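Below are the chains, spelled out letter by letter.
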Amino acid sequence: MAGAIAALASCATEPQSDIDKKVDDLLSQMTLREKVGQMNQLSGGAWLAETAAKGEVGSILNCVDPAELNAVQKAAVEESRLGIPILISRDVIHGFRTIFPIPLGQAATFDPAIVEKGARVAAVEATASGIRWTFSPMLDIARDPRWGRVAEGAGEDPYLDVQMGVAMVKGYQGDDLSDPTSMAACIKHFVGYGAAEGGRDYNSTMISERSLRNTYFPAFKATAEAGAATLMTSFNEIDGIPSTGNKWLLKNILRDEWGWDGMVVTDWNSAGEMIAHGFSRDLKHTAEQAVNAGVDMDMMSYGFIQYVEELVAEGKISEKEIDRAVRNILKLKFELGLFENPYIDESASAKVDYAPKHLEAAKQCAIESAILLQNKRNVLPLDKARTILVTGPLADAPYEQMGTWAFDGQKEHTVTPLAALREEYDVIWEPGLKYSRDKDTKDFAKVRNAAARADAAVVFVGEEAILSGEAHSLSNLNLQGAQSELIAEVAKAGKPVVVVVMAGRPLTIERDLANCDAMLYSFHPGTMGGPALADLIKGKAVPSGKLPMTFLRDAGQAPFYYNHNNGGRPCNGTETLLEDIPIAAGQTSLGCTSYYLDSGYGPLFPFGYGLSYSSFEYGRPVIENAELERDGTIRVSFDLKNTGRYEATEVAQLYVQDKVGSVVRPVKELKGFQRVTLAPGESKTVTFELPVSDLAFWNIDMEYVVEPGDFRLWIAGDSASGEPVDFIVK
Ligand code: GLC
């Protein structure tokens, strides 16, 4: 045994071809049972040692105890016939111990560098505890804020999704997977999971091939090309075909078209769930379909380990398919250096968890992720107030502040806004409500009286962590409990009111905006959310965050996203609203455009929106050459001026519209962004260079081309602003 491992161990940093040779050598020694054992992923720890000793566990998830992991690894490496190490995995979604803002908040930074840094911190901490594979980044395009899992992704835009996904893959995997601080990324959930009808998790999706290619594939293709080591199939079915059994997706697209050679794992029992979908007769049938569709590893359906040998014997799965799957699994294990270093230094994590530089990175990310939605009378920053009221159920909620999928973050390390604000102000603390769903208003009088004694009030509201994330869809997006009433109560005191929302999704907060002067939106900001928000409230930092998702007036407007098609009767401002309809009105078509009688058209805040304590003036964009060849580059410049009194960072966004296409095109699409920091009064000429090839799309003939014609571009601080400038592609 030891000899086999030693012989193999030297290959972790050898060129790929030597690893392929070692994989083939090992494969040639394996029995079918041992091969199927590698395809089996189980949730658990030391109690799996007996199964591991039989070589029947390829990977485990959900154990983060180094001693337990070493015990089960020892069984695999020293007791099984071939000693193949187990690949240890975990959902490290936005930090391991040091929790960063949820991914939707990280997307709001529009700062790939800080996101990559966060992923690197997560990898350093997670690998110290033995985790070498994370099920992240989640790349699902968001289409509906009722879907609780918008918290885990980068929002509604494919371009932003690409930037954030690639940054996370780079951060997790580093430059060399065999580096002990590197962990394999897992791009998920392939594909279209965020298009669940009604925003209800696990629901059907109806996505055309063209929409898949133009909207849902880009981030998966870009992260695959960036070297993502693994991919996870999604729970949903697309037009009746569950992704876990979809050969077109897992072979034709992933392998044949993209040439990706990573490892494919199912989602939790997503193979077994094909029975419930009505796609499989029984568990054995699911294993046949999943393996033949291109799945390599089965997460927790037990179908592979129970039936694949039988299916091979019956000729329903070829051993060639099995070898393909096992080759992908073994290749990853060699690349990670597991044969050389299968065990964990059980003292390592204490040296890196919550390191000061990790906490500083998490704080900076939380600062950049906060979005200033309103600031009437420039109430923020509260740089003159001495005594402030701090109230609301999210002001001192160390666990909730970490947000969803923060498994291994320890709330004892969370610094809450209450704790941080106490360092800056004389704080009167009156919670008002105990938790976000609390409806008990008995303490409101105390809050109102406290507000009267303060110079200003800061109200922390939002969602408990559990209210977003997997399986947690909501049909109503208003603040839960009596939170809106609490804000209104505080407003009665007539003092400046700042509301801070900590949530896992865009909530419908229009009525709350009416009852406050300023609102900062902070998607669950993580361990250092308190110090970050205190710095922003005090004015030590200036908000720069921008919305990665459209904010709705009402959940009934969903799905609504900025990069929509125009339709044949777009809203044109002539719409008749409910209150304007005469009583007993005769039969007529009012408005005749695409809108709602009761909530009109258009969102509360558009994608890309976010204010600053300063203000910015955008000069009209100037295109160097307004007639371009298809192999050309669009060079467009504009002057950006900081017209306020704070040094501040603006995220300038470049949007493009293809005005006429062989198929209709979105009204606009984000094609670039730049973070520009300017001193008060400073002006700078900013240039975007956009290859015309970036305007390609999948057209009427299902070809990926740039079609010649008229285009329009905008450069602005959000997706609804800016003066358009036209150009032509010849
Ligand atoms: C869950 C999620 C997936 C996660 C996996 C393992 O059901 O859908 O995102 O990585 O199971 O926890």
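Quick look at the structure, then. (Residues numbered from 1 in each chain as written. Predicted model: local features only at pLDDT ≥ 70, side-chain atom pairs only at ≥ 80, totals over all residues. Heavy atoms only, no water.)

**Thoughts on the packing of helix α19 (residues 444-453) against helix α20 (residues 483-491)**
Orientation of α19 relative to α20, taken along the N-to-C sense of each, is 35 degrees, at an axis distance of 8 Å. Every pair of crossing elements has a handedness; the one defined by α19 and α20 is right-handed. Between α19, through Phe 444, Val 447, Arg 448 and Ala 451, and α20, the contact on the second element is made entirely by Glu 485, Leu 486, Glu 489 and Val 490. Looking at side-chain class alone, the contact of α19 with α20 contains five nonpolar, no polar and three charged residues. (Axes fitted to C-alpha atoms, helices over the stretch in contact; angles between N-to-C directions. Helix = DSSP H or I, 4+ residues; strand = E, 2+ residues; numbered from the N terminus. Left-handed = near helix turned anticlockwise from the far one by under 90°. Contact = heavy atoms within 4.5 Å. Nonpolar A, V, L, I, M, F, W, Y, C, P; charged D, E, K, R; others polar.)

**Some points on the pattern of salt bridges**
Evaluated as defined, the whole model comprises 49 salt bridges. Salt-bridge contacts for Glu 310 lead to Lys 284; the nearest nitrogen and oxygen are separated by 2.8 Å. Here Lys 284 lies in helix α13 (residues 283-293) and Glu 310 lies in helix α14 (residues 303-313), a separation of 26 residues in the sequence. Salt bridges here are not isolated pairs; linked through shared partners, they connect Lys 251, Arg 255, Asp 296, Glu 321 and Arg 324. (Salt bridge = Lys/Arg side-chain N within 4 Å of Asp/Glu carboxyl O.)

**Quick notes on the side chain of Thr 593**
Its location among the elements puts Thr 593 in the loop between α22 (529-538) and β17 (616-618). Residue Thr 593 is classed as buried on the basis of its relative accessible area of 16%. For Thr 593, the side chain forms a polar contact with the side chain of Glu 575, separated by 2.4 Å. Leaving out residues up to four positions away in the same chain, Thr 593 has contacts with Arg 569, Pro 570, Cys 571, Asn 572 and Glu 575. (Buried < 20%, exposed > 50% of the residue type's maximum accessible area, 1.4 Å probe, protein only. Polar contact = N/O pair within 3.5 Å; in protein donor to acceptor, adjacent residues only side chain to side chain.)

**Some words on the pairing of strand β26 (residues 709-716)**
Direction of pairing for strand β21 (residues 648-658) relative to β26: antiparallel, over a ladder of six bridges. When the bridges of β26 are listed, Gln 657 appears paired with Arg 712. Note: β26 against strand β27 (residues 725-729), five bridges, orientation antiparallel. Bridged to Arg 712 within β27 is Asp 726. (Pairing = 2+ DSSP bridges.)

**Examining the nonpolar core**
Ranked by size, the top nonpolar core spans 121 residues in total, and within it Trp 133, Phe 190, Val 191, Val 308, Ile 322 and Leu 330 carry the most contacts. Examining the composition of this core, we find that eight residues originate from one element, helix α8 (residues 158-173), more than from any other. Apart from the residues within four sequence positions on either side, Ile 322 is in contact with Leu 32, Lys 35, Met 39, Val 291, Val 308, Val 312 and Ile 317. Membership of the second largest hydrophobic core comes to 60 residues, among which are Leu 382, Ala 518, Ile 634 and Phe 688. (Core = buried A, V, L, I, M, F, W, Y, C linked by side-chain atoms within 4.5 Å.)

**Quick word on the sheet that holds strand β2 (residues 59-61)**
In a beta sheet, neighbouring strands are held together by backbone hydrogen bonds and run either parallel or antiparallel to one another. Ordered by their spatial adjacency, five strands build an open sheet running β4-β3-β2-β1-β10, and the pairing between neighbours is parallel. Only two strands of the sheet have a single neighbouring strand rather than two, namely β4 (133-134) and β10 (298-299). The sheet contact formed by strand β3 (residues 87-90) and β4 spans two bridges and is parallel. Of the residues in β4, the one forming a bridge with Ser 89 is Trp 133.

**Structural notes on the site of the ligand**
Taken together, 13 residues surround the ligand, and among them Asp 91, Arg 149, Lys 188, His 189 and Asp 267 come closest. Within the side chain of Glu 470, one N or O atom sits 3.0 Å away from an oxygen atom of the ligand. Here the ligand loses 94% of its free accessible area of 310 Å² to cover by the protein chains. Classifying every residue of the shell around the ligand by side-chain character gives seven nonpolar, one polar and five charged. (Near = heavy atom within 4 Å. Areas by Shrake-Rupley, 256 points an atom, 1.4 Å probe, with all protein chains shown as cover.)

**Side note on a nonpolar patch on the surface**
Together, Leu 578, Leu 590 and Leu 597 make up a nonpolar patch on the protein surface, roughly 230 Å² of accessible area in all. In this fold, Leu 597 is placed in the loop between α22 and β17. Accessibility expressed as a relative area gives 36% for Leu 597, which makes it partly exposed. (Patch = residues over 30% accessible without salt bridge, like charges linked within 9 Å, V, L, I, M, F, W, Y side chains within 5 Å.)

**Focus on the layout of surface pockets**
When its volume is computed, the second largest pocket comes out at roughly 370 Å³. Around the second largest pocket sit 25 residues that line it, and Thr 127, Arg 132, Pro 180, Tyr 343 and Ile 344 are the ones nearest its centre. Every element with two or more residues in the lining of the second largest pocket is listed here: β3, α7 (112-128) and α16 (348-352). Considering every element that reaches the lining of the second largest pocket, the biggest residue donor is α7, with three residues. Within the lining of the second largest pocket, the residues separate by chemical class into 14 nonpolar, eight polar and three charged. (1 Å grid on protein atoms, 1.4 Å probe; cavity = no way out; pocket = protein on both sides within 12 Å on 5 of 7 lines; lining within 4 Å. Points joined across faces, edges and corners; volume = space filled by probe spheres on them.)

**Let's talk about empty space enclosed by the protein**
Tallied over the full model, the rule gives four cavities of 30 Å³ or more. One number sums up the size of the largest cavity: a volume of about 80 Å³. Considering every element that reaches the lining of the largest cavity, the biggest residue donor is α8, with four residues. Looking at the lining of the largest cavity residue by residue, the classes come out as eight nonpolar, three polar and two charged.

**Considerations on the packing of aromatic side chains**
Evaluation of the coordinates by the stated rule reveals 27 aromatic pairs. Taking 5.1 Å as the distance between ring centres and 80 degrees as the angle between the ring planes, the aromatic pair formed by Phe 110 and Phe 673 counts as edge-to-face. Here Phe 110 is found in the loop between α6 (103-107) and α7, whereas its partner Phe 673 is found in strand β22 (residues 669-678), with 563 residues between them in sequence. Phe 673 matches Phe 110 in its accessibility class, with the two residues each being buried. (Phe/Tyr/Trp six-rings, centres within 6.5 Å; stacked < 30°, edge-to-face > 60°.)

**A closer look at the sheet that holds strand β12 (residues 387-391)**
Strands sit in the order β11-β16-β15-β14-β12-β13 across an open sheet of six strands; the sheet is mixed. Two strands close off the open sheet at either side, each with one partner strand: β11 (371-375) and β13 (426-429). Taking each pair of neighbouring strands and ignoring which way they run, the sheet shows an average axis angle of 20 degrees. In this structure, strand β14 (residues 456-462) lies alongside strand β15 (residues 497-503), joined through six bridges in parallel fashion. The residue bridging Phe 460 from the neighbouring strand is Val 500, located in β15. Contacts from α22 reach β14, β15 and β16 (518-523) within the one sheet, and its direction differs from that of β16 by about 160 degrees.

**Quick word on α19**
Taken residue by residue, α19 has Phe 444, Val 447, Ala 450 and Ala 451 as its buried positions. The buried residues of α19 occupy an angular sector of 120 degrees when the element is viewed end-on, so they sit on one face. Packing partners of the buried residues in α19 comprise β12, β13 and α20. (Arc of directions from axis to C-beta.)

By themselves, these observations are geometric and do not establish any function.
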